[in-house]
Amino acid sequence: MGSYDTLDYWSLKAQKEGYPARSVYKLKEMDEKFGLFKGAGTKRGAPSGALKTEGAGSPSRTSGPFKVLDIGAAPGSWSLYALRRMGSAGSLVSVDLSPLSRLYDKGLFDGSNFFFIQGDITDPAVRAQLLERGPYHLVMSDVAPATTGNRSVDTLRSLALVEEVVAYAEAALIPGGNLVVKVFQGGDTAEVLKRLRTLFTTARSFKPEACRSESFETYYLGLGKKPV
Ligand SMILES: C[S@@+](CC[C@H](N)C(=O)[O-])C[C@H]1O[C@@H](n2cnc3c(N)ncnc32)[C@H](O)[C@@H]1O
């Protein structure tokens, strides 16, 4: 299957299954492989299919809902996946510079277990608001800078955001919590993985099948945050 056909396949599947972007299948694959939402409950509308889990990340349930933070959430596929996956047993906070698409949410974004902030994750006021609603069992970031087409510039900008997200997750995750963060390969990403190894029981990179083959993006996972 060529890359054009692949794009078509994932985009059409997303439309058919009620998601505004094909990126949902990257999260779904990582969830099925690493158990990102393990412990979140599956009361309402959980995606079908058996969950195979491989990772160390299964945060111990504390009292209250399973809390997820979605950074770089627009148009909203990862957020919709999280809300459908967790049902009423979970709560989600999402942040993006842009608003979310309401095309497929069927009222899920109006629920009392969902909160959206339109803002910049690097803005201290936004970060403080997000922290107030934590701590989180899962921090997931698909954040990507507006690309320029210049790979070195794009990689540098992405790396700056990734470093922000990792530093943020360090403060916002519960012990045992999980992190997934999109990384543009190149630059000093090895340093990021090294940092994740000090913070989490397991740290690794993973490129989901739904990533475009020509794309230089991949994901880093930190599973099972070590207690401080
Ligand atoms: C690839 S999209 C995310 C797709 C999303 N995961 C989904 O499934 O619908 C990347 C997003 O990162 C957002 N973004 C980029 N820089 C940001 C920043 N500094 N703060 C918050 N969001 C940011 C962009 O606005 C964009 O919506």
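Since we're looking at a predicted model, the values are computed, not measured.

**So, the overall build of the protein chain**
Each helix and strand counted, the protein chain has six helices and seven strands in total. Taken from the N to the C terminus, the helices and strands of the protein chain come in the order α-α-β-α-β-β-α-β-α-β-α-β-β. Within the protein chain, the fraction of its 228 residues that count as buried is 40%. Within the protein chain, contacts between residues at least 6 apart in sequence are counted, and of these 68% link residues at least 24 apart.

**Some words on the site of the ligand**
As a matter of local geometry, the ligand sits amid 22 residues, with G72, A74, S77, I121 and D142 nearest to it. For the shell around the ligand, the elements supplying multiple residues, two or more each, are α3 (77–86) and β2 (90–96). Residue composition of the shell around the ligand, grouped by class: 13 nonpolar, six polar and three charged.

**Quick look at helix α2 (residues 24–34)**
Each full turn of the α-helix corresponds to 3.6 residues, which orients residues three or four apart in the same direction. Of the positions making up α2, those classed as buried are V24, Y25, K26, L27, K28, D31 and F34. G35 lies just past α2 and shows a positive phi near 65 degrees.

**Focus: the packing of helix α5 (residues 151–172) against helix α6 (residues 189–199)**
Where α5 meets α6, the closest approach of the two axes is 11 Å, and the angle between their N-to-C directions is 5 degrees. Compared by their axis directions, α5 and α6 come out roughly parallel. Every residue of α6 that contacts α5 at L159, V162, E163, V166 and E170 is listed here: T189, V192, R195, L196 and L199. Among the residues forming the contact of α5 with α6, the class breakdown is six nonpolar, one polar and three charged.

**Observations concerning the environment of L173**
On the secondary structure map, L173 appears in strand β5 (residues 173–184). Judged by local crowding, L173 falls into the buried class, with 24 C-beta atoms found within 10 Å. Separated by 52 residues in the primary sequence, L173 and K225 place their C-alpha atoms 7.4 Å from one another. Aside from chain neighbours lying at most four places away, what touches L173 is P135, Y136, V139, L179 and K225.

**Description of the packing of α2 against α3**
At their nearest, the axes of α2 and α3 sit 8 Å apart, and the two run at 40 degrees to each other. Taken as axis vectors, α2 and α3 run oblique relative to one another. For the pair α2 and α3, the sense of crossing is right-handed. For the pair α2 and α3, contact is made by V24, L27 and K28 and by S77, W78 and Y81, respectively. A per-class count over the contact of α2 with α3 returns four nonpolar, one polar and one charged.

**Focus on the confidence of the model for the protein chain**
Interpretation of the predicted coordinates at a detailed level should be avoided for regions scoring low in pLDDT. On average, residues of the protein chain score 88 in pLDDT, and 87% of them reach the 70 mark or higher. The low-confidence segment residues 42–57, where pLDDT is below 50, has 39 contacts with residues more than four positions distant or belonging to other chains.

**Some details on the sheet that holds strand β7 (residues 217–225)**
Strand order in the open sheet formed by seven strands is β3-β2-β1-β4-β5-β7-β6, with mixed pairing between adjacent strands. Two strands close off the open sheet at either side, each with one partner strand: β3 (114–118) and β6 (200–206). The sheet shows a mean angle of 10 degrees between the axes of neighbouring strands, taken without regard to direction. As paired elements, strand β1 (residues 66–71) and β2 share six bridges and run parallel to each other. Paired with K67 across the two strands is S91, which belongs to β2.

**Remarks on the pairing of β7**
Sheet topology places β5 next to β7; six bridges connect them, and they run antiparallel. Directly across from K182, in β7, lies its bridge partner Y219.

**Here's the deal with unusual backbone geometry**
Of note, the amide linkage connecting A74 to P75 takes the cis form, showing an omega dihedral of 5 degrees. By the secondary structure assignment, P75 is in the loop between β1 and α3. Of note, the bond from G134 into P135 is cis; its omega dihedral lies within 30 degrees of zero at 0 degrees. With respect to the helices and strands, P135 occurs in the loop between α4 (124–132) and β4 (136–141). Even without glycine at this site, K106 takes up a positive phi of about 45 degrees. One can find K106 in the loop between β2 and β3. For K106, a count of 12 C-beta atoms within 10 Å gives the class exposed.

Conventions adopted
Residues numbered from 1 in each chain as written. Predicted model: local features only at pLDDT ≥ 70, side-chain atom pairs only at ≥ 80, totals over all residues. Helix = DSSP H or I, 4+ residues; strand = E, 2+ residues; numbered from the N terminus. Buried ≥ 20, exposed ≤ 12 C-beta atoms within 10 Å, placed from the backbone. Contact = placed C-beta atoms within 7 Å. Near = placed C-beta within 6 Å. Nonpolar A, V, L, I, M, F, W, Y, C, P; charged D, E, K, R; others polar. Axes fitted to C-alpha atoms, helices over the stretch in contact; angles between N-to-C directions. Parallel < 35°, antiparallel > 145°, perpendicular 65-115°, else oblique. Left-handed = near helix turned anticlockwise from the far one by under 90°. pLDDT = per-residue confidence, 0-100. Pairing = 2+ DSSP bridges.

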